[in-house]
Amino acid sequence: MADGTKEAKSSNQMWGGRFASGPAAIMEEINASIGFDKKLYAQDIRGSIAHATMLAEKGIISAEDKEKIVTGLNTILSEIDAGTFEFSRKLEDIHMNIEARLATLIGPAAGRLHTARSRNDQVALDFRLWVKEELVKTEAMLTGLIAAFLDRAEEHAETVMPGFTHLQTAQPVTFGHHCMAYVEMFGRDRARVRHAIDHMDESPIGAAALAGTGFPIDRHMTAKALGFREPTRNSIDTVSDRDFALEFLSVAAICAVHLSRLAEEIVIWSTPQFGFVRLSDAFSTGSSIMPQKKNPDAAELVRAKTGRINGSLVALLTIMKGLPLAYSKDMQEDKEQVFDAAENLELAIAAMTGMMRDMTIRVDRMRAAAGSGYSTATDLADWLVREAGLPFRDAHHATGHAVALAEQKSCELAELSLEELQAINPAITANVFDVLTVDASVASRTSFGGTAPAEVKKQIAYWRARN
């Protein structure tokens, strides 16, 4: 009896009443989450203050106990912020670490804080608050990245460059137009962020373990105090739901893919073979053996981090895929994936924003490459349709002959003589040379969303108004 009592005291103070002996070392190791969930301390304290305030308002705890609880929690917040708080692995998680310290500070009143709640709805609240705050931060960072692209697009609305398909020269475009493609991508990412914030804007606290509570709580009061639109509507779903974390990771993964595509282009463009851009020393490194090297390491690392972020999404999807309702301990594995993805997404967005603002655009190299690969061939075909009345397929065929002739003569389309072009199709006149320059080609693409400088400037104005 005495031995059992002694062992019970040595076990976890939260669930030691049920278990006669303390956990084995390996169980303690696998069960503890304080190593990573201490990141949720501010959200945990904020949620506890709102919960205690509501309990007092509803007469479930006394106003005196509430004041002690709030004062103690604010003291703990200050201790953690100052780095003087001692976290214990034996107390498993951030919730029990804070509760144990609160008991030391204010005595028995601390035990009343957990009335009408469970760690299940507590962790759901803390984690949801953290993800929501992270998404707000991501939204702001994406707005900054979009602004960087808008500045570069405005600066280079008339800078011609080759547009590519299959990484082969396709048609001339402007660098401003190319920049605006990324504005559209990151604009969609930001819209997904905003949708995710709206989707998760429901408060879990008060769902308790899974069935709700018999105490006369006011979940709308705590939801409002914590900045949520409303409380969740089903207690079972509330404690078993991690859709908000999956949505964050989905948004992060799509955004990371966009960042990676941009990073790949920067890596290619900064090679001597392309030479479209020059990265500053701030975003490059050298070689330990080759003194001439200037490596685009920041872009390469952004590209690589996409793998980590995508992996986090797959990991959490796999964790959640077979779980019965409601809560299972598997869900403790949700946070490290989200924390890691958030940290790396922030870093990648910040790095890409810096690179875009800092890089030198080599207008001369872009222009020299814009007409390569017979990039104005489509303009010749369009001219034959528009001016000579040919069906497009016939015009396409005739243009193919012109390209073959130019290849044979090792010259550009615009360098073929009028006689040579008329031998392909007698309807061709000297006016055709007006469309065979890259500037004329770009200027002609005036359709909505096209690459014509005037159209690019319209799209920049549109995005500036909504950014």
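Everything here concerns the structure above.
Just so it is clear, the structure is predicted and the values come from calculations on it, not from any experiment.

Enquirer: Could you give me a rundown of the overall build of the protein chain, with the residues and numbers involved?
Expert: Each helix and strand counted, the protein chain has 19 helices and 6 strands in total. Relative to its length of 467 residues, the protein chain is extended, with a C-alpha radius of gyration of 31 Å against a globular reference of 23 Å. Summarising its shape, the C-alpha atoms of the protein chain cover approximately 110 × 55 × 40 Å along the three principal directions. A buried classification covers 48% of the 467 residues belonging to the protein chain. Counted over contacts in the protein chain with a minimum sequence separation of 6, partners at least 24 positions apart contribute 74%. Total accessible area on the protein chain is roughly 22100 Å²; 54% of this is exposed by carbon and sulfur atoms. On the protein chain, the mean spot of the 50 positive side-chain charges and the mean spot of the 62 negative ones are 3 Å from each other.

Enquirer: Please set out the pattern of salt bridges residue by residue, giving values where relevant.
Expert: For the structure shown, the criterion picks out 33 salt bridges. D334 is the salt-bridge partner of K335, the closest N and O atoms lying 2.8 Å from each other. The salt bridge involving R445 is made with D382; its shortest N-O contact spans 3.3 Å. Here the residue R445 occupies a position in the loop between α18 (438-444) and α19 (453-466), and D382 occupies one in helix α15 (residues 377-388), the gap between them amounting to 63 residues. Where salt bridges share partners, they join K132, D198, D201, E202, R229, E230 and R233 into one cluster.

Enquirer: Pulling in residues and values, what's your account of helix α11 (residues 243-269)?
Expert: Structurally, the α-helix is built with 3.6 residues per turn, so residues lying three or four positions apart point the same way. The terminal C-alpha atoms of α11, which comprises 27 residues, lie 39 Å apart, in line with the 39 Å expected from a rise of 1.5 Å per residue. Along α11, 19 of the 27 residues are buried, which leaves the element largely enclosed by surrounding structure.

Enquirer: An account of the packing of helix α7 (residues 119-155) against helix α13 (residues 334-358) is requested, with residue identities and associated values reported.
Expert: Two elements in contact, α7 and α13, have axes whose closest approach is 9 Å; the angle formed by their N-to-C orientations is 15°. Taken together, the axes of α7 and α13 are roughly parallel relative to one another. In terms of crossing hand, the pair formed by α7 and α13 is left-handed.

Rules used throughout
- Residues numbered from 1 in each chain as written.
- Predicted model: local features only at pLDDT ≥ 70, side-chain atom pairs only at ≥ 80, totals over all residues.
- Heavy atoms only, no water.
- Helix = DSSP H or I, 4+ residues; strand = E, 2+ residues; numbered from the N terminus.
- Rg over C-alpha atoms; globule rule 2.2 N^0.38 Å.
- Buried < 20%, exposed > 50% of the residue type's maximum accessible area, 1.4 Å probe, protein only.
- Contact = heavy atoms within 4.5 Å.
- Areas by Shrake-Rupley, 256 points an atom, 1.4 Å probe, with all protein chains shown as cover.
- Lys, Arg positive; Asp, Glu negative; His and termini not counted.
- Charge placed at Lys NZ, Arg CZ, Asp CG, Glu CD.
- Salt bridge = Lys/Arg side-chain N within 4 Å of Asp/Glu carboxyl O.
- Expected span 1.5 Å × (residues − 1).
- Axes fitted to C-alpha atoms, helices over the stretch in contact; angles between N-to-C directions.
- Parallel < 35°, antiparallel > 145°, perpendicular 65-115°, else oblique.
- Left-handed = near helix turned anticlockwise from the far one by under 90°.

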